[in-house]
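Tertiary structure, described
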Amino acid sequence: MMNVVFMVLYFLIIGLVIEISVTLLKLTGLKNTVARFQVISMLTGTGFTTDESKSIIDHPVRIKLSMFLILFGAFSLAVIISSISTLRSLTLIILISYREEVDINILYIESGESKN
């Protein structure tokens, strides 16, 4: 449960970083749509070679913000992968034993403890 709360909180933080970054880029003179596209491109590492990306590197404040977003996006990917692998560590094993009738025993294994 704690991992799910962490993931939701983390995505809220990502959304907040996007909105703050878009606002900061708009304050430097970019249009809203261009700023949002560039912020998401920098966070995801999927930039496109356009005139808008050239406008990012020609401005000292924009370049510092873009360096932060690129690094934040790279570290975010590592955190997301780690969180998902932790969520998947809860393993569900179904044991089916056949006697006179079919019994289904479910074991939940999480960090070495088992519950019947």
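Here the structure is a predicted model, which means the values were calculated and not measured.

Right, let's get into the nonpolar core. Ile18, Leu25, Leu30, Val39 and Leu69 are the most contacted members of the largest nonpolar core, which totals 17 residues. For this core, the secondary structure elements donating two or more residues are helix 1 (2-27), helix 2 (32-44) and helix 4 (60-88). Ranked by the residues each element gives to this core, the list is headed by helix 1, at seven residues. When near neighbours in sequence (up to four residues on either side) are disregarded, Leu25 contacts Leu30, Ala35, Val39, Met42, Ile56, Arg62 and Leu65.

Taken as a whole and judged by the stated rule, the model has one aromatic pair. Taken together, a centroid distance of 5.6 Å and an interplanar angle of 25° make the contact between Phe68 and Phe72 stacked. Taken together, the residues Phe68 and Phe72, both in helix 4 and four residues apart, mark about one turn of the helix.

Now for the pattern of salt bridges. Close approach of charged atoms allows side chains with opposite charge to pair. Evaluated as defined, the whole model comprises two salt bridges. Among the salt bridges present, the one from Arg36 reaches Glu19, with a minimum N-O distance of 2.8 Å. Of the two residues, Arg36 sits in helix 2 while Glu19 sits in helix 1, which places them 17 residues apart along the sequence. Note on Arg36: relative accessible area 28%, which makes it partly exposed. In this structure, Lys54 engages Asp58 in a salt bridge whose closest nitrogen and oxygen atoms are separated by 3.1 Å. By relative accessible area, which is 51% here, Asp58 ends up exposed.

Reading the values: the criteria
Residues numbered from 1 in each chain as written. Predicted model: local features only at pLDDT ≥ 70, side-chain atom pairs only at ≥ 80, totals over all residues. Heavy atoms only, no water. Core = buried A, V, L, I, M, F, W, Y, C linked by side-chain atoms within 4.5 Å. Buried < 20%, exposed > 50% of the residue type's maximum accessible area, 1.4 Å probe, protein only. Helix = DSSP H or I, 4+ residues; strand = E, 2+ residues; numbered from the N terminus. Contact = heavy atoms within 4.5 Å. Phe/Tyr/Trp six-rings, centres within 6.5 Å; stacked < 30°, edge-to-face > 60°. Salt bridge = Lys/Arg side-chain N within 4 Å of Asp/Glu carboxyl O.

Any functional reading would require information that these geometric values do not contain.
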